Amino acid sequence: MIVVHLLPGRPSLLAQVLGVRSALPVKEAEDQESARGGVVYVARPGYHLLIERDRTFALSVDEPVHHSRPAIDVLFESAADAYGARLAGVILSGANQDGARGLAVIKAGGGLTIVQSPQDAAAREMPDAALAAVRADHVLPAAAIASLLGQLAGAARRPAATAWPG
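Throughout, residues of each chain are indexed from 1 in the direction in which the sequence is written. Since the coordinates come from a predicted model, pLDDT governs what is reported: local features require at least 70, and pairs of side-chain atoms require 80 or more to be given and counted, while whole-chain, interface and lining totals use all residues. Note that the side-chain values use all heavy atoms of the structure and ignore hydrogens as well as water.

Participant: Give me the pairing of strand β4 (residues 57-60): which residues, what numbers.
Facilitator: Both strand β3 (residues 48-51) and β4 contribute to a ladder of four bridges, which runs antiparallel. Each residue of the ladder has a partner; that of L50, found in β4, is A58. For two strands to pair, DSSP has to find at least two bridges joining them. Numbering of helices and strands starts at the N terminus; helices are DSSP runs of H or I of at least 4 residues and strands are runs of E of at least 2. Where β3 folds back on β4, the antiparallel hairpin that results is connected by five residues, among which R55 adopts a positive phi of roughly 65 degrees.

As structure tokens, this is what we get:
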């Protein structure tokens, strides 16, 4: 699930742009749609994106958070409630503090936290705020984050090895 801060009233081509570069299908999330593995969902302009405990999306026009709708904190907090320790949150370059509070919620729930290295970011305010809020599991340049996410996705598709005492 991806949230990008967009100017109000502007259409987004993010799903189409990512779709031509991704091996996975990319689409804007729709209200009450069930989240499926192997699909990249993008928040719609002008709506907060939430994930419910039954793993369906909810779109909200509640007040902006950190001057943004969609806001990252809104998604992260709801996703932490739905997925718990099976969630990974990633904060990339950006010019406000959105996502820091939500990343702390993910970490408190046992999820994986990843932050783009502030030195690698075009705008370091979001990575700096995230690192002030939480001790991230990984602080990496953007290219290394992509590689890590690919490794995590591959590991999630493999059956878990079980060690039996005895």
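Participant: Lay out the packing of helix α2 (residues 72-83) against helix α3 (residues 100-108) with the relevant residues and their values.
Facilitator: For helices, the fitted line uses only the C-alpha atoms of the stretch in contact; every axis is such a line through C-alpha atoms, and the angle between N-to-C directions lies from 0 to 180 degrees. Between α2 and α3, whose axes approach to 7 Å, the crossing angle comes to 15 degrees. The orientation of α2 relative to α3 falls into the category roughly parallel. In the crossing of α2 with α3, the sense of the turn from one axis to the other is left-handed. Residue-level contacts link D73, F76, E77 and A80 of α2 to A100, R101, G102, L103, V105 and I106 of α3. An angle counts as roughly parallel when it lies under 35 degrees, as roughly antiparallel when it exceeds 145, as roughly perpendicular when it falls between 65 and 115, and as oblique in every other case. Helix crossings are classified by the rotation of the near helix relative to the far one: an anticlockwise turn of less than a right angle makes the crossing left-handed, while a clockwise turn makes it right-handed. Throughout, a contact is declared for two residues whenever any of their heavy atoms are within 4.5 Å.

Participant: Hey, could you go over unusual backbone geometry for me, with residue numbers and the actual values?
Facilitator: Along the chain, R69 connects to P70 via a cis peptide bond; the corresponding omega equals 20 degrees. With respect to the helices and strands, P70 occurs in the loop between β4 and α2. If you check the backbone angles, H66 has positive phi at about 55 degrees while not being a glycine. With respect to the helices and strands, H66 occurs in the loop between β4 and α2. On the basis of relative accessible area, H66 is assigned to the partly exposed category, the value being 28%. For H67, which is not glycine, the phi torsion reads 65 degrees and is therefore positive. Working definition: with a 1.4 Å probe on protein chains only, accessible area under 20% of the residue-type maximum means buried, over 50% means exposed, and in between means partly exposed.

Participant: A description of the sheet that holds strand β5 (residues 88-91) should follow, citing residues and the corresponding values.
Facilitator: With parallel pairing, three strands are arranged side by side in an open sheet as β5-β6-β7. In this open sheet, the two strands that pair with only one neighbour each are β5 and β7 (138-140). The sheet shows a mean angle of 15 degrees between the axes of neighbouring strands, direction not considered. The pairing of strand β6 (residues 112-116) with β7 spans three bridges and is classified as parallel. Paired with Q116 across the strands is L140, a residue of β7.

Participant: Tell me what's going on with the packing of aromatic side chains, and back it up with residues and numbers.
Facilitator: Here is the rule: rings of Phe, Tyr and Trp (six-membered ring for Trp) pair when centre to centre is within 6.5 Å. Planes less than 30 degrees apart are stacked, more than 60 are edge-to-face, and the remainder are tilted. If you walk through the whole model with that rule in mind, you get one aromatic pair. A ring pair is formed by Y41 and F57, whose centres lie 4.7 Å apart and whose planes are at 55 degrees; its orientation type is tilted. Highlighted residues: Y41 in strand β2 (residues 40-42) and F57 in strand β4, separated in sequence by 16 residues. Each of the two residues, Y41 as well as F57, counts as buried.

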